[in-house]
Amino acid sequence: MDHETLRVERQGQIRRVRFHRPERDNAINDAMIRELHQVLDACERDGCGLVVFEGSAETFCVGADFGDFAPRPASDATEEPAEYDPAPLYDLWLRMATGPYITLAHVRGKTNAGGVGFVAASDIVIADTSATFSLSELLFGLYPAMVMPFLTRRVGFQRANYLTLTTRAIDAAQATEWGLVDRCAERSGPLIAQHLGRMSKLSPDGIARYKRYMSTEIAPLHRHREGAIAANLEIFSDPRNLQRITRFVEDGVYPWEQRGPHGTSRADEGAA
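Residues numbered from 1 in each chain as written. Predicted model: local features only at pLDDT ≥ 70, side-chain atom pairs only at ≥ 80, totals over all residues. Heavy atoms only, no water.

## Section: the side chain of Arg-15
Then, in step 1: Here Arg-15 lies in strand β2 (residues 14–19).
Then, in step 2: Among the residues examined, Arg-15 registers a relative accessible area of 7% and is labelled buried.
Then, in step 3: Engagement of the side chain of Arg-15 in a polar contact is seen with the side chain of Asp-46, the distance being 2.7 Å.
Then, in step 4: In this structure, Arg-15 is in contact with Val-8, Glu-9, Arg-10, Ala-42, Cys-43, Asp-46, Cys-48, Leu-50, Val-51 and Val-52, ignoring residues within four places of it in sequence. (Helix = DSSP H or I, 4+ residues; strand = E, 2+ residues; numbered from the N terminus. Buried < 20%, exposed > 50% of the residue type's maximum accessible area, 1.4 Å probe, protein only. Polar contact = N/O pair within 3.5 Å; in protein donor to acceptor, adjacent residues only side chain to side chain. Contact = heavy atoms within 4.5 Å.)

## Let's talk about the pattern of salt bridges
Then, in step 1: In this structure the tally under the stated criterion is twelve salt bridges.
Then, in step 2: Here Asp-46 and Arg-15 are joined by a salt bridge, their closest N and O atoms 2.7 Å apart. With Asp-46 in helix α1 (residues 30–46) and Arg-15 in strand β2, the pair connects residues that are 31 residues apart, well separated along the chain.
Then, in step 3: With a shortest N-O distance of 2.8 Å, Arg-240 and Asp-238 are connected by a salt bridge.
Then, in step 4: Because the salt bridges share partners, they merge into one network encompassing Arg-10, Arg-15 and Asp-46. (Salt bridge = Lys/Arg side-chain N within 4 Å of Asp/Glu carboxyl O.)

Below is the structure:
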């Protein structure tokens, strides 16, 4: 199957899925979510045992595509805007965390916001030393409602709280110490090969039973679904938040910056 936002390679019982929106730093849009669900549908149908998620060498995923929340061009004014529905993204991460396969995130470069959701929902996370992880949502009046159930499961309440409130990035070494990353190395390729070689020998039935037990008895992520989706809908329907997002998309101006006399931000003027 051809995909618009992904590059998918099958290697026996392994699927390697690479985010492919280089012009948008692998930002998440509806097409990407839909295509990732299709990939997982195929994995479940074919009995695939391992699914690897990757970005580019520079960027894993920067989170939601803010362009999807900006006003439509005038030429599209007659079209009915699509109703925003965060449920498919939460359900995608839920499938990664609970599905009958091992999910492995191979992280290089920048990971932000919803990109951290993909990392936190994965069973295993391998990173190289270029990887950084951040939650920037509060800069725009948002907060990572749907990421938090998966992130707190990995790193605990206070570390997830710290990442959210400071909006600062941590590097791969810090992420490994905190448990967001399982292993990191300057060259992550050999680590990936080592893990895939070992885990490809596991019984698919055993993997499925283990993950079903963990997701129902130990870390039941399903119980957070409705609350996370409702919170996400609330913050993305707030006109003030949408105004901040639109200003950033259209002018590159952060909420705390002021436009200069020629439409530039204070940051732009300072750099000139």
